[in-house]
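Geometric and topological summary
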2 protein chains.
Amino acid sequence: MRIAIDAMGGDAAPDINIQGAIEAAKEWGDVHIILVGDEKRLAPALNGAPSNLSIQHASEVVLPDDEPVRAVRRKKDASMVVAGRLVKEGAADAMISAGNTGALMATGLLVVGRMEGIERPALAPMIPTMDGKGTLALDLGANMDASPQHLMQYAIMGSIYRQKVHGLERPRVGLLNVGTEEMKGNELTKAAFPLLSEAPIHFVGNVESRDVLQGNCDVLVCDGFVGNILLKTMEGTAGTIFSVLKQEFTSSLLSKLAAAVLKPGLSRFKKKLDYKEHGGAPLLGLNGLVLKSHGSSDAKAIKNAVRQAREALKNDLVVSISSEISRK
Amino acid sequence: MRIAIDAMGGDAAPDINIQGAIEAAKEWGDVHIILVGDEKRLAPALNGAPSNLSIQHASEVVLPDDEPVRAVRRKKDASMVVAGRLVKEGAADAMISAGNTGALMATGLLVVGRMEGIERPALAPMIPTMDGKGTLALDLGANMDASPQHLMQYAIMGSIYRQKVHGLERPRVGLLNVGTEEMKGNELTKAAFPLLSEAPIHFVGNVESRDVLQGNCDVLVCDGFVGNILLKTMEGTAGTIFSVLKQEFTSSLLSKLAAAVLKPGLSRFKKKLDYKEHGGAPLLGLNGLVLKSHGSSDAKAIKNAVRQAREALKNDLVVSISSEISRK
């Protein structure tokens, strides 16, 4: 299987992308990695790299603050766009990028292309949960507004992803809502509830946002606006609390000593809450596999994204989604 | 000014409601408090109570799990409904209840009545912020769906409330959104942005959910669904972190000692994040003042709600909102 990596996307590109690619190529002999980017910068670093790693030259780069759609339309030779084209043309089976999220979504739509029958592809990162297993949340920002039908497609795609990539037999799918009773919610969730009930998934009903961290579902369905509010509220609340803890821990010599005792446990916990630990986020509903790796990815994160892509390819993720969607 | 208190609503009713009412009556001689509830239960407790405290008998009670609209329609002699009627008929200037939130909103709409020109009354609790000042968030659940016009009315009502009750001269009004740029958001927030820009308020633009705790606005505008997701995500995240901290703090003798050093600071902080500290939530947009006190209110919380009602009445809150709305 051939996996294209956008060598130029991400905060520490291309160095860590190259490093992650080399490590992945060494680990998995059944994978061929295509590093997409400026050949002059990439080639010297690949001296002695394994033979299942090659370079595809791309002369341009999508920048973090580029306007997504315009960047994808104009920078036709950008590393991200070229990687997308490799997938589109069948020269790669999957692509990974740690670059501009909006531009990657645009690459997915405009270059790779939407899967037939899917109205809106969805971005589906893992949200950390206390049991360490995480929940796949979608849509987290590919589309701000959604129809009940879109939510149903998110549910099906997320459920298949959890089966194929994470090996869950019967993923529990929850609908993010303001109460657990069936008739709770706004017009969108009330109309989506019966659709999810009839979908070929294990629908566990409405899930309240305060319970998400407890890990009461494996797939969490919501529109992109609400999903963004959920994720950023979690980040903001946790970040605020940890910064206050830090202040308290360093306010006196005694508190510093006390903090030293408690630190290992808290670090483990903080790590558990770090969504970067959960790997890349798939863009589901495209005619090929596209994975978003976090902008601040290190080499391990890039390698982990390759692991994810490999699992998805081995288990025919895209075909499985496509055949389930076309059956509806 | 006459303030009716639903003596039978709340987890510890009527005892703490009575106690809070007595304390408030003692503190403010310019207030007359009308305790509404079962006379047989209330009268004995009022021996020796100040003369600016009286009882209005009501034979029924709205229960926590009553279906709101039905309860208000059928239990015409429920303490909450009778208190609402006192406001409607001009026998009281304001009412306070710690009972069933849904039923109180129904009492507001069906008994007290909507203010002319207001399409949707809104529930507006304070969300705690790190600077201790809090932000008034609305709507937090009175209406799940909202139109751009509704959001504009929420913004105006919230702004006037902060001026009249909290004495802020120029409250900063923010629109809860997924990014700070003007064109960010879903269809609702994109359509609301220009309306808020032209409204007679100090609109500071879009506010991201991760920044709410930093206190970057005094009034936070959102639809009831998103507001509920925001508040419950904050509660859930903070609750989870504090429960893990507790586990860490008690995992060994050494950690217990360490925790003892850090505890006072953390308790102060936890208290800061406790929205119960911020008093009752007004239902804005009614033909009279209705305040929701938290279900787990203690006597101090009831007394604080009386303080809030008194400030609002002294500063003509309802008339101010009405004249601003009718000007549009």
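- Under an unreviewed UniProt entry, chain A has the name Phosphate acyltransferase and belongs to Paenibacillus gansuensis.
- As its UniProt record puts it under Subunit (unreviewed entry), chain A is described as follows: "Homodimer. Probably interacts with PlsY."

1. Digging into the domain arrangement of chain A
All names here are of chain A.
- Considered domain by domain, chain A is made up of domain 1 (2-118 + 285-326) and domain 2 (126-275).
- Put simply, the middle of domain 1 and the middle of domain 2, counted by C-alpha atoms, are 26 Å apart.
- With 15 residues of domain 1 in contact, the opposing surface of domain 2 contributes 11 residues.
- Inspection of the region where domain 1 meets domain 2 yields 0 salt bridges.
- Connecting domain 1 to domain 2 are 3 residue pairs in polar contact (both at pLDDT 80 or more).
- Of all elements in the fold, only helix H10 (299-314) and helix H11 (317-327) reach the threshold of two or more residues within the side of domain 1 that touches domain 2.
- Tallying contributions element by element places H11 first for the side of domain 1 that touches domain 2, with 5 residues.
- Classifying every residue of the side of domain 1 that touches domain 2 gives 7 nonpolar, 6 polar and 2 charged.

2. Brief notes about the relation of the copies chain B and chain A
- The operation relating chain B to chain A is a screw motion whose rotation component is 180°, with 0.0 Å of axial translation and a residual RMSD of 0.1 Å. As the rotation angle and translation indicate, the two copies are arranged about a two-fold axis. If distances are taken from each C-alpha of chain B to the rotation axis, the shortest is found for Ala258 of chain B, at 2.1 Å.
- Of all interface residues in chain B, 100% are interface residues in chain A too; the two copies therefore contact each other through one and the same surface.

3. A few points about the interface of chain B and chain A
- At the junction of the two partners, chain B supplies 45 residues and chain A supplies 45 residues.
- Linking chain B with chain A are 4 salt bridges, by the criterion used here.
- Across the pair Arg210 of chain A and Glu235 of chain B runs a salt bridge, and its minimum N-O distance is 2.7 Å.
- On the surface where chain B and chain A come into contact, there are 14 residue pairs in polar contact (both at pLDDT 80 or more).
- Mapped onto the side of chain B that touches chain A, the elements with two or more residues apiece are strand S8 (172-177), helix H7 (187-198), helix H8 (224-249) and helix H9 (253-272) of chain B.

Here is what the cut-offs are and how they apply
Here the residue numbers are simple positions, counted from 1 along each chain's written sequence. All chains are assigned letters beginning with A, and all ligands numbers beginning with 1, in the order in which they are written. Under the rules for a predicted model, residues below a pLDDT of 70 receive no local features and side-chain atom pairs below 80 are neither given nor counted, while totals for whole chains, interfaces and linings still include all residues. The basis for the side-chain values is all heavy atoms of the structure; hydrogens and waters are excluded. UniProt positions are given in the numbering used here, feature names are shortened, and annotations may be inferred rather than shown by experiment. Segmentation into domains, and thus their bounds, comes from an automatic or database assignment. The contact criterion used is simple: two residues touch if any of their non-hydrogen atoms lie within 4.5 Å. In what follows, salt bridge is the name for a side-chain nitrogen of Lys or Arg lying within 4 Å of a carboxyl oxygen of Asp or Glu. In protein, a polar contact requires one atom able to donate a hydrogen and another able to accept it; more generally it is a pair of N or O atoms within 3.5 Å, and residues adjacent in sequence count only if both atoms are side-chain atoms. Working definition: helices are DSSP H or I runs of at least four residues, strands are E runs of at least two. Numbering for both runs from the N terminus. Charged means Asp, Glu, Lys or Arg here, nonpolar means Ala, Val, Leu, Ile, Met, Phe, Trp, Tyr, Cys or Pro, and polar covers whatever is left, Gly included. Least-squares fitting of one copy onto the other uses the C-alpha atoms of those residues that reach a pLDDT of at least 70 in both copies.

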